[in-house]
Amino acid sequence: MIRARVIGSGSCLPANVVTNDDLAKRVETSDAWIRERTGIIQRHIAVEGEKTSDLALGAARAALIDAGIDAGELDIIICATTTPDESFPATATIVQSRLGMTRGAAFDVQAVCSGFIYGMALADSLIRTGAARTILLIGAETMSRLLDWSDRTTCVLFGDGAGAVVLQAHTGIGDNSDQGVLNTRIFSDGRLHDMLYADGGVSSTQSAGKLRMQGKEVFKHAITNIAAAIVASSEAAGLKIEDIDWFVPHQANQRILDGTAKKLGIDPAKVISTVALHGNTSAASVPLALVAAVKDGRIKRGDLVLLEAMGGGFTWGAALLRW
Ligand code: ACO
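Residues numbered from 1 in each chain as written. Predicted model: local features only at pLDDT ≥ 70, side-chain atom pairs only at ≥ 80, totals over all residues. Heavy atoms only, no water.

Colleague: Just to check I follow, could you spell out the overall build of the protein chain for this structure?
Modeller: Each helix and strand counted, the protein chain has ten helices and 13 strands in total. Taking 2.2 N^0.38 as the reference for a compact globule, 323 residues should give roughly 20 Å; the C-alpha atoms of the protein chain span a radius of gyration of 18 Å, in line with that estimate. Taken along its principal axes, the extent of the C-alpha atoms in the protein chain is 55 × 45 × 40 Å. Counting all 323 residues of the protein chain, 57% fall into the buried class. Contacts in the protein chain between residues at least 24 apart in sequence constitute 76% of all its contacts with a sequence separation of at least 6. Accessible surface computed for the protein chain: about 13,000 Å², of which carbon and sulfur atoms make up 52%. For the protein chain, the separation between the mean place of its 31 positive charges and that of its 35 negative charges on side chains is 2 Å. (Helix = DSSP H or I, 4+ residues; strand = E, 2+ residues; numbered from the N terminus. Rg over C-alpha atoms; globule rule 2.2 N^0.38 Å. Buried < 20%, exposed > 50% of the residue type's maximum accessible area, 1.4 Å probe, protein only. Contact = heavy atoms within 4.5 Å. Areas by Shrake-Rupley, 256 points an atom, 1.4 Å probe, with all protein chains shown as cover. Lys, Arg positive; Asp, Glu negative; His and termini not counted. Charge placed at Lys NZ, Arg CZ, Asp CG, Glu CD.)

Colleague: Which parts of the structure should I look at to understand the packing of aromatic side chains?
Modeller: The geometry of two aromatic rings is summed up by the distance between their centres and the angle between their planes. Here the structure, examined in full by the defined rule, presents one aromatic pair. Summarising the aromatic geometry, the rings of Phe187 and Trp316 are spaced 5.8 Å apart at their centres and angled 20° between planes, so their arrangement reads as stacked. Taken together, the positions of Phe187 in strand 8 (residues 180-188) and Trp316 in strand 13 (residues 315-322) put the pair 129 residues apart, joining distant regions of the chain. Its relative accessible area of 29% is what places Phe187 among the partly exposed residues. (Phe/Tyr/Trp six-rings, centres within 6.5 Å; stacked < 30°, edge-to-face > 60°.)

Colleague: Before we go on, may I ask you to explain the pattern of salt bridges in this structure?
Modeller: Any two side chains of opposite charge can pair, on the condition that their charged atoms come close. Tallied over the full model, the rule gives twelve salt bridges. One salt bridge connects Lys220 with Glu217, and the closest N-O pair in it is separated by 3.1 Å. Pair noted here: Lys220 and Glu217 are both in helix 7 (residues 215-236), with a separation of three residues, about one helical turn. For Glu217, a relative accessible area of 27% puts it in the partly exposed group. Overlapping salt bridges bring together Asp148, Asp199 and Arg212 as one network. (Salt bridge = Lys/Arg side-chain N within 4 Å of Asp/Glu carboxyl O.)

Colleague: Looking at this model, I keep getting lost on the sheet that holds strand 6 (residues 134-142). Mind explaining?
Modeller: Within a sheet, adjacent strands bond to each other through the backbone by hydrogen bonds, running parallel or antiparallel. Within the open sheet, the five strands sit side by side as 1-7-6-4-5. Their pairing is mixed. Unpaired on one side and paired on the other, strand 1 (2-12) and strand 5 (105-109) mark the two borders of the sheet. Going across the sheet, the axis of each strand differs from the next one's by a mean of 20°, ignoring polarity. Pairing of strand 6 with strand 7 (residues 160-171), which is carried by nine bridges, proceeds in the antiparallel orientation. The partner of Thr142 across the bridge, within strand 7, is Asp160. Lying on the sheet, helix 3 (residues 52-67) is in contact with strand 1, strand 6 and strand 7; it crosses strand 1 at an angle near 125°. (Pairing = 2+ DSSP bridges. Axes fitted to C-alpha atoms, helices over the stretch in contact; angles between N-to-C directions.)

Colleague: Help me out: how do you make sense of helix 7 in this one?
Modeller: Helical geometry: 3.6 residues make up each α-helical turn, so side chains three or four residues apart lie on a common side. Over its 22 residues, helix 7 extends 31 Å from the first C-alpha to the last, a length consistent with the 32 Å expected when each residue adds 1.5 Å. Those residues of helix 7 not exposed but buried are Val218, Ala222, Ile223, Asn225, Ile226, Ala227, Ala229, Ile230, Ser233 and Ser234. At the C-terminal side of helix 7, Gly238 shows a positive phi close to 70°. (Expected span 1.5 Å × (residues − 1).)

Colleague: I tried to follow the environment of Met101 on my own but got confused; where do I start?
Modeller: Here Met101 shows up in the loop between helix 4 (91-99) and strand 5. Taking the C-alpha atoms as reference points, Met101 and Gly72, 29 residues apart in sequence, are found 5.4 Å from one another.

Colleague: Help me understand the state of the cysteines, please; the structure alone is not making it clear to me.
Modeller: Two cysteines, two sulfur atoms, one covalent bond between them: this is a disulfide. In this structure the tally under the stated criterion is zero disulfides. Cys113 takes part in no disulfide bond, and the closest cysteine sulfur, belonging to Cys79, lies 14 Å away. (Disulfide = S-S within 2.5 Å.)

Colleague: I would appreciate a short explanation of the site of the ligand in the present structure.
Modeller: What surrounds the ligand is a group of 23 residues, the closest being Thr29, Arg37, Lys216, His250 and Asn253. Between the ligand and Lys216, the relevant distance is 2.8 Å, taken from an oxygen atom to a side-chain nitrogen or oxygen of the residue. Coverage of the ligand by the protein amounts to 76% of the 1,000 Å² it exposes when considered alone. Elements that contribute at least two residues to the shell around the ligand include exactly helix 2 (31-38), helix 6 (152-155), helix 7 and helix 8 (254-264). Counting residues per element, the shell around the ligand draws most heavily on helix 7, at four residues. Of the residues belonging to the shell around the ligand, the class tally is eleven nonpolar, seven polar and five charged. Domain assignment of the residues forming the shell around the ligand places at least three in each of domain 1 (2-171) and domain 2 (180-322). (Near = heavy atom within 4 Å. Polar contact = N/O pair within 3.5 Å; in protein donor to acceptor, adjacent residues only side chain to side chain. Nonpolar A, V, L, I, M, F, W, Y, C, P; charged D, E, K, R; others polar. Domains from an automatic or database assignment.)

Colleague: Before we go on, may I ask you to explain the side chain of Thr38 in this structure?
Modeller: Within the secondary structure, Thr38 sits in helix 2. Within polar-contact distance, the side chain of Thr38 engages the backbone oxygen of Ile34 at 2.5 Å. Residues contacting Thr38, with those up to four places away along its chain left out, are Leu157, Asn253, Gln254 and Val275.

Shown next, in the form of structure tokens:
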């Protein structure tokens, strides 16, 4: 059986760090409020002229070096993003050009904070069906560009960054001992649009709009939906929650991470958290957390890793991998 195995990973964060105290100079907030309600201490914010494609390219180059392959070996680039450089073409094609890749295909996936999980589901399918052998999957965002910087209820939550993995076809025996993606589960419910959206777009206002959110409602749905995705993925693999070595959640809020772990009886020591340092980087948050835990040696070859996310739409999902 063909499996999509991660052969390399990398990330890129803007150099510019913005602390909670920095934000308290712009809106009526405090370090204590932000830490207590979200766990966030700082976030990286792109400087003027620094675009999503720059961060995506940085993460892509790091992942290719880690994989030990050249861009010419890629069949497909998928970029999960809600904050593309331009309305078109896809940010993935900008990365394709800047990597010097002249063959294959490149396209974006839009599922907001769940984008990397949706991209993983697509990449896994393309590899398992034989349509592609090697895929670069990127999650990249400049969420700072979509924020209303006068709205303290949203502007303190988000950050910018990018993470990427290289997935390659690998022959397995078809059970849970295989290295690579074991399953993916993706969901959405468009009725919940109004809880989290951007109030603009090409066909409605001819501008990108600003992020709008009903925080309390999002919070409640996040724990329920993320827990459901984790259960769906682990049950599909015939595994119990305790069989999983590492949980790599979308980094929205430490209280969502803690609430989900509590609901499912997950040992908090198995939950990778980077929200304190990165804030919510939307589609970049799962790969940024994943790369952090791989680089610091927590996630090792052979470990069972469950990635999960939820975002606007609502969209949510999970991907189970043997690293
Ligand atoms: N600084 C200081 N006070 C604030 C701030 C701020 N930045 N933001 C809101 N407040 C005030 C409110 O105005 C309110 O004041 P009031 O009582 O006088 O009316 C008070 O703090 C409490 O506000 P709540 O909205 O009740 O605070 P809550 O505990 O719900 O926390 C938060 C708000 C952090 C947004 C929380 O609801 C949350 O995390 N929701 C999930 C949202 C999320 O993560 N979205 C990301 C995208 S979706 C995803 O990724 C899953």
